[in-house]
Every structure is written in C-alpha cells, then in structure tokens.
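Spelled out, the chains give:
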Amino acid sequence: MSNPKVTAPGLIEMKARGEKITALTAYDYPTIRLLEQAEIDIALVGDSLGNVVLGYDTTLPVTMEEMLHHTKAVAYGADRALVVVDMPFLSYQISGEQALMNAGRFLKEGGAAAVKLEGGMEMAETVRRLVDVGIPVMGHLGMTPQSVHALGGYKLQGQTDEAVERIMQGAESLQNAGAFAIVLEMIPAHVARQVTESVDVPTIGIGAGPYCDGQVLVIHDMLGLYDKFTPKFVKQYAQLGNIAVDAIKQYAAEVKSGEFPGPEQSY
Ligand code: KIV
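Because the structure is a prediction, the values reported are computed rather than measured.

### Regarding the pattern of salt bridges
Within the structure shown, the criterion is met by 11 salt bridges. Where aspartate 86 meets lysine 116, a salt bridge forms, and the shortest distance between an N and an O atom there is 2.7 Å. Residue aspartate 86 is located in strand S3 (residues 82-86), and its partner lysine 116 is located in strand S4 (residues 114-116); the two are separated by 30 residues in the primary sequence. Like aspartate 86, the residue lysine 116 is buried in the burial classification. Here arginine 129 ties to glutamate 97 by a salt bridge, and the two come within 3.3 Å at their closest N and O atoms.

### A look at the layout of surface pockets
Estimated volume of the largest pocket: approximately 640 Å³. Residue lining of the largest pocket: 31 residues in total, with Asn51, Tyr154, Glu185, Val218 and Pro231 positioned closest to the centre. The set of elements that each furnish at least two residues to the lining of the largest pocket consists of helix H3 (49-52), strand S6 (181-185) and strand S8 (214-217). Here the residues of the lining of the largest pocket are counted per class, giving 16 nonpolar, 6 polar and 9 charged. Within this model, the second largest pocket holds a volume of roughly 440 Å³. Elements supplying a minimum of two residues to the lining of the second largest pocket: strand S5 (137-142) and helix H8 (161-177). Of all the elements, H8 adds the most residues to the lining of the second largest pocket, at 4 residues. Here the residues of the lining of the second largest pocket are counted per class, giving 8 nonpolar, 11 polar and 3 charged.

### Section: the packing of H8 against helix H9 (residues 189-198)
Each pair of packed helices can be summarised by the angle the axes make with each other and by the distance between the axes. The N-to-C vectors of H8 and H9 enclose an angle of 25 degrees; their axes lie 10 Å apart at closest approach. Considering their axes alone, H8 and H9 lie roughly parallel with respect to each other. Crossing of H8 over H9 shows right-handed handedness. Every residue of H9 that contacts H8 at Val164, Ile167, Met168 and Ala171 is listed here: Val191, Gln194, Val195 and Ser198. Residue composition of the contact of H8 with H9, grouped by class: 6 nonpolar, 2 polar and no charged.

### Description of the side chain of threonine 31
Following the sequence through the fold, threonine 31 ends up in helix H2 (residues 29-37). Here aspartate 28 takes part through its side chain, which lies 2.5 Å from a polar atom of the side chain of threonine 31.

### A short note on the nonpolar core
The biggest cluster of nonpolar side chains holds 58 residues, and the ones touching the most others in it are Leu35, Met87, Phe106, Val115, Leu117, Leu130 and Leu184. Take this core: its biggest share by element is 6 residues, from H8. Sequence-distant contacts of leucine 35, that is, excluding residues within four places in its chain, are made with Leu24, Thr25, Ala26, Ile40, Ile42, Ala43 and Ile219. Of all hydrophobic cores here, the second largest spans 18 residues; its members include Val6, Ile21, Ala23 and Ile42.

### With respect to the site of the ligand
Close to the ligand lie Thr25, Leu44, Gly46, Asp47, Ser48, Asp86, Lys116, His140, Val183, Ile206, Val216 and Val218. Aspartate 47 has a polar side-chain atom sitting 3.0 Å from an oxygen atom of the ligand. Between an oxygen atom of the ligand and a side-chain N or O atom of serine 48, the distance comes to 2.5 Å. Protein burial of the ligand: of its 250 Å² of free accessible surface, 96% is covered by the chains. When the residues that make up the shell around the ligand are grouped by side-chain class, the tally is 5 nonpolar, 4 polar and 3 charged.

Conventions used here
Residues numbered from 1 in each chain as written. Predicted model: local features only at pLDDT ≥ 70, side-chain atom pairs only at ≥ 80, totals over all residues. Heavy atoms only, no water. Salt bridge = Lys/Arg side-chain N within 4 Å of Asp/Glu carboxyl O. Helix = DSSP H or I, 4+ residues; strand = E, 2+ residues; numbered from the N terminus. Buried < 20%, exposed > 50% of the residue type's maximum accessible area, 1.4 Å probe, protein only. 1 Å grid on protein atoms, 1.4 Å probe; cavity = no way out; pocket = protein on both sides within 12 Å on 5 of 7 lines; lining within 4 Å. Points joined across faces, edges and corners; volume = space filled by probe spheres on them. Nonpolar A, V, L, I, M, F, W, Y, C, P; charged D, E, K, R; others polar. Axes fitted to C-alpha atoms, helices over the stretch in contact; angles between N-to-C directions. Parallel < 35°, antiparallel > 145°, perpendicular 65-115°, else oblique. Left-handed = near helix turned anticlockwise from the far one by under 90°. Contact = heavy atoms within 4.5 Å. Polar contact = N/O pair within 3.5 Å; in protein donor to acceptor, adjacent residues only side chain to side chain. Core = buried A, V, L, I, M, F, W, Y, C linked by side-chain atoms within 4.5 Å. Near = heavy atom within 4 Å. Areas by Shrake-Rupley, 256 points an atom, 1.4 Å probe, with all protein chains shown as cover.

Function cannot be read off these values alone, since they describe shape.
Right, here's the structure in full:
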C-alpha cells in the first residue's frame, strides 16, 4: 500500500507527535518526482521561482499566471506530498475578495492543496476568510521576501524586543485565524524556539535554527543549481550545477570532434 497523503491537519498531528516535517520547493514535474521518491512531506511552489527559475532579482514581479503554470506541473506529479503554493505579491493584500478569488484559483485550476501568504497580525482576517471556505493556509513570518524593500534587504529579523513581540503576536494571530502551519524565515534560533513552543501548529524554519517543527529550503540552493547567490544558512547537499556543466562540456566536445553521435546512430 502506498503511503497516505500528507494533509494540513496531518501536519498538526505530526507536531503533536514530535515528528519533524520536511519541506522543499518544487516548481516543475521532474522536481516533484524527485521529492516524492525522497518522501518529502511538503512541496512548496514558492514564489522564489521568480529568483531561481525566472531569473528576477526579487519575488515581486511574480504573477498569478506564472505561479499557476508551475503549480499545475507540480500538482500533476504529486502523490503523497502536500502541495502548498505561494500567493504572489499583490494577489492577496488588496481585499479579502481578491485573496479568496486568487487562493481559490490555486486549488481549482492549479491542483494545489493549500496556499501560503506572508504577514502576521495584519493578514489574520484574510487567513480566516480563506480558511472559512476550506482553503488551508500557511503563514510566513520573519524575513518576508515580498517586503524586501521595506525591510532594507534580505536580513535577519527579530533582533529587538519589539520585533520579537511582533513575530509572537503574528504567530498567535495566524494560529487563531486557522493557519495550519507557519514558515519562520531568518530569525534567531531562540526566537524561533519561543514561537514554536507558543503555538500548536507546526513552524517550518528556513534560516531559523534547529528548534522549528520542520525545515524548508529552496531546492536550487541545496542542490547547487543557482549560482547568483546562496544564503549563508543553506547547506548544499550536492553541486548538481557543476555536474551538469561537466556533462554539457563533454557533449559539446564530442559533437565538435564527431565522437557523438558516432558513425552509426542507433535508434
Ligand atoms: O518562496 C519560497 O520559496 C519561500 C520559502 C523560502 C519558504 O517562501
């Protein structure tokens, strides 16, 4: 029998059992197939695709149509993983109606099982609105990349008492609004621990230390497939970019020399 599907309520049960949650980004069919083979719990169609797939400098230009296009490919290939999709900048901040319409498209047209949006207390009403119609929502606190300009760059957050208080209140509001999980990005480990201990829903850390209930990384970062910038907190488990360049160079050399395809192509 194949493994049961990961669900939003199932992730809350994993936290209650003390079972760590694994998450990675996926933006296309071949990648979700790799995640499935490795039994990763959450496949996040992150708007980081703007950076690592589309080559933008920030996530701000990413559109609904771009996210939907990639979400469909991931959803087609997902068997067990929970497919969560990032709501792009300005697809949910304008009004509750706008958020509901766009989140609904990700489930209805994209085949996702949940959405993620950035923000804390100020987003609670929107989260409640989506949850009330049956759309599972993941929150995102700390370094929220869609606010990169307001935050003055990609920097560690939660470094003052006031900032910690805001994160704590954000986590409580998201939980009360019905969020099933909260991403904590680039905050000190002791702050992530405080948040994790204060809520019943799982925290998924990225650059937030070891005390979160789960971890997420951008797959291009951890596989060495993105050469523009790698955050300090990333562990590179492989350098697939280098392996690919070597293979491509060998192919090019063999084409130039005539070694490939050889005198008789086999079909
Ligand atoms: O867009 C993304 O990939 C994310 C993760 C970094 C959490 O939001």
